[in-house]
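# Coordinate analysis (summary)
Listed here are the chains, written in short residue letters.
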Amino acid sequence: MSTQPRSTFAEVAYTNGYEFTEGSGYTLPEYPFVIPPELAHGTIGRHEIVIVGGGITGLTLACGLAARGVRAVLLDEDNTVGVKGASSRGICYTQKSLEIFQRLGIYERIAAKGIEWSVGRTFAGHDEVFSFDLKAQGNFNLSQQPAFINIQQFYIEGYLVERIAELNAQHSAHKAPLEMRWQSRVTGFEQRDGVARLQVSTPQGEYALDATYVIDATGTHTPFHTWCGVTMDSKRGDDRWCIADVRFRNTPPTERHTWIEAPFNEDRAVWQHLMGDEVWRIDYQMAPNADPEFVSREDQVRERLRRQFGDEVDCDIVWVGPYAYRSQCLHQLRRGSVFFMGDTAKVVSPFGARGGNTGISDADNLAWKLAAVLRGRAPDQLLGSYEHERLQAAQDNVLVTNRTARFLRPATPQERLFRRAAISLAKRHAFGRLMINTGRMAVANTYTRSPACAPGAGTSVQNVVFQWADGSRGCLNDLLTWAGEDLVLLVFGPQSATALGRIRQLTAQTPLKAVQVLSPGERAQCLEHLRDPEGRLRVACQATGQAWALVRPDSYLAATGADWASTLVHRLSRALALA
């Protein structure tokens, strides 16, 4: 995959998601259509899992299943990644997403191509009114992965396709876990008696296949919303923006800069980010009645760049196009055999990087649960916790981003008054800076309403570093990979003989692996143990004293405690939906 600077622009034609135009500034891979068995033999295939949609969410789920050896079929109507080259699309990937990608085996490629950043600055006019450095914030500094990496979305999607191919290659051809079917559009759907039937259209004809579970990751305009009769809250704003993906000869600082009132953009908002290939993404807020075709013209884009960077600005324009956004959230994320995730579950305005990142976490959440259920390690009820957890995440992210959208484009006199007051206070007082809202940066959501997590748990455990028993360096993701599909019980500090006996009994009877976590000077009592010399694992698991922590395969904390008798058994049962 590579990018070539161009200065030609596609005719404006809204597509999906944030309604990006179809651009032509990026060269993307093309994947071949392969005739599926159903079409070759005239049969109706039966599959446990069918994923519909090969965007970043669907591909993350597919890769997560392939990494576990769980068989699935992915259908995508296109033959490439991205939206036919439509801009950079998603660009900011959070620490949680990067931790997931490290577990899936593509993080190193992302880190090599993308741009790591931690400093953000916000301006009103020429005055800096807010700034942050994520490296200085305690909630980011435990993980091996940085707070954020900027990279064009299609690169990550391409890496996921490549990784799936690598995972498939580890199996014989007829046992490859993930079947990728490109140029396959789902045109019909029905479900009865716990089975979904999909009608699929391809360049070589149509066929049908059945599935136990269908995962819809096709985007905001999915037909499954109508087919399944789902209800939702939806609101379309009148805010209009125009993206310019630009490669400069002399580059700005590698920081996230935002302007609430940019003097070079008629006092409207502007975003400025560096991505891979030394391409900068600059988002310009437009007038509500702006003509998308006019604001996308090359002369208009270059005039905005000249006003921002000066008469001597020297750059290539890689891609340009307008977008609008909406706020949308389903009332439920499962309807019979169908699960909704990513942009089919919710759509948020693109402030704070809460769109694609939450879709990645949707996929990570569901992947281990599907694997546990299909392998008989947990009942189907475990899948119900997907809706509890990820619907809460969707609702929280819609709420947060809607507040940002109203700050950037106030809709009422009261909101305009609040914004003027906040900017005025921020210019003079430190406390006023906390009122500035150009996007609360995404973090891993918490699951306070989950039936599978104990009270006080439901938080993401960062990918911290520790020492294996032999003194070599390891991290939480390594531990989760070693545990496979089992939950991990971390036992902190010395234990009594009774406690050790109870642990051995639990690991023999349940899908659980136990590991003793030792501080400096403590003696190992278990064969499986590791050392936490800096106490990072303790902090990440919120463990004090002789405690235990139950960590799920998606690195979420299911429970903590100190009671070995009944509490742990109850928490383990809840985590696996056995009680």
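Heads up: the structure comes first, above all this text.
Residues numbered from 1 in each chain as written. Predicted model: local features only at pLDDT ≥ 70, side-chain atom pairs only at ≥ 80, totals over all residues. Heavy atoms only, no water.

## Some details on the pattern of salt bridges
The condition is simple: Each salt bridge in this description consists of a side-chain nitrogen of Lys or Arg and a carboxyl oxygen of Asp or Glu lying within 4 Å of one another. The helix and strand labels rest on DSSP assignments: H or I over at least four residues marks a helix, E over at least two residues marks a strand, and numbering proceeds from the N terminus. Exposure categories follow from relative accessible area, calculated using a 1.4 Å probe and restricted to protein chains: below 20% of the type maximum is buried, above 50% is exposed, and the middle band is partly exposed.
Evaluated as defined, the whole model comprises 34 salt bridges. As a salt-bridge pair, D210 and R197 come within 2.7 Å of each other at their nearest N and O atoms. Note that D210 is positioned in strand β13 (residues 205-216) and R197 in strand β12 (residues 195-202), a separation of 13 residues in sequence. Overall, the relative accessible area of 12% leaves D210 in the buried class. One salt bridge in this structure joins R390 and D362, with 2.6 Å as the shortest N-O distance. Residue R390 is found in helix α10 (residues 384-408), and its partner D362 is found in helix α9 (residues 356-374); the two are separated by 28 residues along the sequence.

## Brief notes about the packing of aromatic side chains
Rules: Stacked, edge-to-face and tilted are the three classes for Phe, Tyr and Trp ring pairs, Trp counted by its six-membered ring, which pair at centre distances within 6.5 Å; planes under 30 degrees apart are stacked, over 60 edge-to-face, the rest tilted.
Taken as a whole and assessed by the stated rule, the structure comprises 19 aromatic pairs. Taken together, a centroid distance of 5.1 Å and an interplanar angle of 25 degrees make the contact between W117 and F148 stacked. Of the two residues, W117 is situated in strand β6 (residues 115-117) and F148 in strand β9 (residues 148-150); the sequence distance between them amounts to 31 residues. Taking relative accessible area as the criterion, F148 reaches 0% and is therefore assigned buried.

## Overview of the pairing of strand β11 (residues 185-192)
Operational definition: Between any two strands, at least two bridges found by DSSP are needed for them to pair.
Judged from the seven bridges that link them, β11 and β12 form a sheet pairing that is antiparallel. The residue of β12 that forms the bridge with G188 is Q199. Hairpin connection of β11 to β12: two residues between the antiparallel strands, including D193 at a positive phi of 55 degrees.

## Concerning the sheet that holds strand β14 (residues 232-248)
The eight strands are arranged β8-β7-β15-β16-β17-β14-β18-β21 in an open sheet whose pairing can be described as mixed. At either margin of the open sheet sits one strand with a lone partner, and together these are β8 (127-133) and β21 (346-347). Examined bridge by bridge, β14 and strand β17 (residues 280-286) share seven bridges and lie antiparallel to one another. Looking at β17, one finds that W241 is bridged to Q285.

## Focus: the environment of F492
Spelled out, the test is: Only heavy atoms enter the contact rule, under which two residues are in contact if any of them lie within 4.5 Å.
By secondary structure assignment, the location of F492 is in strand β24 (residues 487-492). Residues F492 and H529, spaced 37 residues apart in sequence, show a C-alpha to C-alpha distance of 9.9 Å. Contacts of F492, omitting those with residues within four sequence positions, involve V517, L537, R538, C541, A543, G545, Q546, A547, W548 and A549.

## Some details on the packing of helix α2 (residues 56-67) against helix α3 (residues 95-104)
Rule in force here: Geometry is summarised by axes, namely lines fitted to C-alpha atoms with helices restricted to the contacting stretch, and by angles between N-to-C directions that run from 0 to 180 degrees. Throughout, the term roughly parallel applies to angles under 35 degrees, roughly antiparallel to angles over 145, roughly perpendicular to angles from 65 to 115, and oblique to all others. In a left-handed crossing the near helix is turned counterclockwise from the far helix by less than a right angle, and in a right-handed crossing that turn is clockwise. We call Asp, Glu, Lys and Arg charged. Ala, Val, Leu, Ile, Met, Phe, Trp, Tyr, Cys and Pro are nonpolar, and the rest, Gly among them, are polar.
α3 packs onto α2 with a crossing angle of 40 degrees between their chain directions and a minimal axis gap of 10 Å. The angle between α2 and α3 places the two elements in the oblique class. Handedness of the α2/α3 crossing: left-handed. Taken together, the residues of α3 that come into contact with α2 (itself represented by I56, T60, C63, G64 and A67) are I100, F101 and L104. Looking at the contact of α2 with α3, its residues break down into six nonpolar, two polar and no charged.

## Re helix α16 (residues 567-575)
One turn of an α-helix holds 3.6 residues; hence residues three or four places apart share an orientation. Taken together, the buried positions of α16 are L568, R571, L572, S573 and A575. Lining the buried residues of α16 we find α9, β24, α14 (497-509), β25 (512-518), β27 (548-551) and β28 (557-561). At the exit of α16 stands A577, carrying a positive phi of roughly 60 degrees.

## Notes on the sheet that holds strand β23 (residues 473-475)
Pairing is mixed in the open sheet, where seven strands are placed in the order β23-β22-β26-β25-β24-β27-β28. The sheet is open, and its two edges are formed by β23 and β28, each paired on a single side. Within the sheet, the average angular offset between the axes of one strand and its neighbour, ignoring direction, is 35 degrees. Taken together, the six bridges between β24 and β25 define a ladder with parallel strand orientation.

## Description of the state of the cysteines
Here is the idea: a disulfide is a covalent bond, and it sits between the sulfur atoms of two cysteines. Rules: Any two cysteine sulfur atoms lying within 2.5 Å of each other are counted as a disulfide.
A complete count under the given rule lists zero disulfides for this structure. C92 carries a free sulfur, and the closest cysteine sulfur to it, the one in C242, is 18 Å from it. In this structure C92 comes out as buried when scored by relative accessible area, which is 11%.

## As for the nonpolar core
A general trend in soluble globular proteins is that nonpolar side chains are found buried together. This is how it is decided: Within this scheme, the nonpolar core is defined by two criteria: the residues are buried Ala, Val, Leu, Ile, Met, Phe, Trp, Tyr or Cys, and they are joined through side-chain atoms within 4.5 Å.
Of all hydrophobic cores here, the largest spans 97 residues; its most connected members are L198, I215 and F224. The dominant element in this core, judged by the number of residues it contributes, is α9, at nine residues. Among residues more than four places away in sequence, those in contact with I215 are I49, V50, I51, V52, L61, F339, M341, L366 and L370.

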